[in-house]
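So you can see what is in the structure, the chains are spelled out below.
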Amino acid sequence: MSRKPIARDRRRIALLGGGFGTGGPLDGWVLGHARTSLPRVCFLPTASGDAPAYVEWFLEAFGARRDCEASVLPLFQRELDDDALRAQVHAQDVVYVGGGNTANLLAVWRVHGVDRLLREAYEHGTLLCGTSAGANCWAEASHTDSFGPLSHLRDGLGLLSGSVCPHYDSEPGRRPSYRAAVADGSLPGGWALDDGVGALFLDGELAETVSVAPGAHLYRVEQDGRGGVQEWVVGGRSLV
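These lines cover the structure that appears in this document, whether it is placed above or below. (Residues numbered from 1 in each chain as written. Predicted model: local features only at pLDDT ≥ 70, side-chain atom pairs only at ≥ 80, totals over all residues. Heavy atoms only, no water.)

With that settled, the discussion passes to the overall build of the protein chain. When its secondary structure is counted, the protein chain shows 7 helices and 14 strands. A separation of at least 24 residues holds for 70% of the contacts in the protein chain among residues at least 6 apart in sequence. A total accessible area of about 10,200 Å² is found for the protein chain, and carbon and sulfur atoms account for 50% of it. Computed over 22 positive and 29 negative side-chain charges, the separation of the two mean positions in the protein chain equals 6 Å. (Helix = DSSP H or I, 4+ residues; strand = E, 2+ residues; numbered from the N terminus. Contact = heavy atoms within 4.5 Å. Areas by Shrake-Rupley, 256 points an atom, 1.4 Å probe, with all protein chains shown as cover. Lys, Arg positive; Asp, Glu negative; His and termini not counted. Charge placed at Lys NZ, Arg CZ, Asp CG, Glu CD.)

Even without a glycine there, the phi angle at D50 is positive, about 60°. By relative accessible area, D50 is classed as buried at 12%. With phi around 55°, H167 is a residue other than glycine that occupies positive phi space. Take H167: it is sitting in the loop between β8 (160–165) and α7 (174–183). (Buried < 20%, exposed > 50% of the residue type's maximum accessible area, 1.4 Å probe, protein only.)

Below, the discussion takes up the side chain of S132. By the element assignment, S132 lies in the loop between β5 (127–131) and α6 (133–136). Ignoring anything within four residues of it in the chain, the contact list for S132 reads L16, G99, P166 and H167.

Time to look at the sheet that holds strand β3 (residues 69–72). Pairing is mixed across the open sheet formed by 8 strands, whose spatial order is β3-β2-β4-β5-β1-β10-β11-β14. Whereas interior strands pair on both sides, the edge strands pair on one side only; in this sheet they are β3 and β14 (237–238). Pairing analysis gives 6 bridges linking strand β10 (residues 197–202) to strand β11 (residues 205–211), with the strands arranged antiparallel. Among the inter-strand pairings, L202 is bridged to a residue of β11, identified as E205. (Pairing = 2+ DSSP bridges.)

Those residues of helix α5 (residues 114–123) not exposed but buried are V114, D115, L117, L118, A121 and Y122. Here the buried residues of α5 occupy an arc of 160° about the axis, which is enough to place them on one side. Where α5 is buried, its residues touch β1 (12–16), β2 (40–44), α3 (82–90), β4 (94–97), α4 (102–112) and β5. Immediately downstream of α5, the backbone of G125 shows phi near 100°, a positive value. (Arc of directions from axis to C-beta.)

Topologically, R40 is positioned in strand β2. Overall, R40 belongs to the partly exposed group, its relative accessible area being 32%. For the pair R40 and L73, spaced 33 residues apart in the sequence, the C-alpha separation amounts to 12 Å.

What follows covers the nonpolar core. Ranked by internal contacts, the top residues of the largest apolar core, which has 40 residues, are I13, L15, L44, W109, L118, L128 and W138. With near-sequence residues (within four places) excluded, L15 lies in contact with G130, A135, W138, L160, V164, L193, V197, G198, A199 and F201. By size, the runner-up hydrophobic cluster in this structure holds 22 residues, among which are A14, L16, V41 and C129. (Core = buried A, V, L, I, M, F, W, Y, C linked by side-chain atoms within 4.5 Å.)

So, on to the packing of aromatic side chains. Scanning the entire structure with this criterion turns up 10 aromatic pairs. With a centroid separation of 5.0 Å and an interplanar angle of 25°, the aromatic rings of F58 and F62 are classed as stacked. One end of the pair, F58, and the other, F62, are both in helix α2 (residues 52–62), 4 residues apart, so they sit about a helical turn from each other. Seen in terms of ring centroids, F62 and Y96 are 5.9 Å apart; in terms of plane orientation they differ by 65°. Their pairing is edge-to-face. Residue F62 is found in helix α2, and its partner Y96 is found in strand β4; the two are separated by 34 residues along the sequence. No difference in accessibility class separates F62 from Y96, as the two residues are buried. These aromatic residues form a ring-pair network of at least three members: F43, Y54, W57, F58, F62 and Y96. (Phe/Tyr/Trp six-rings, centres within 6.5 Å; stacked < 30°, edge-to-face > 60°.)

What follows is the structure, encoded as structure tokens:
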């Protein structure tokens, strides 16, 4: 299959409420928004400490596909020098970030300079995406269990304004904890994702919302000016 350019000039991020293996149709949806028809897809398993099982899971999902070329970029046993690392990141059409610990992910990226490389790739049209920690990392702030109990982190990459909260419908305490953090200003307003949802942002603005699970939604959560929050469902289309 030839590599056909598609809208290369757009900056794009996709937040995913579920990864490969749980949201099969989301994989195809992500690839369909890459800048080429045969995208190079690189998995960054940093948030899980480059867990081998997670890498195998990714390769099972993407390695056998005929509509992409899959690779993995480990950092805990890094093999690439700075020039090769930069070339690897910049060669990708899609960077897919896995779940795990958001705070550790960001710290490791910054030590290796990957945060800077991802910003450069983003500016040149690489689709940045991920689930859980891999969704949190792109925003200014996030709702996370990186420190044990549910808490907040105001130290993201800032490619998306505001905050992100994953697992909004599936993890006990997520919804009330995120709403409380937005209400008291611990987190800026932002986006909350049920599992099974995908949200595409073009040039920092929400462009499309999809779902692979009945009743799964994307939500916008903001302060209501009276000490609480207002929350509303962002409509989208089903992929199933």
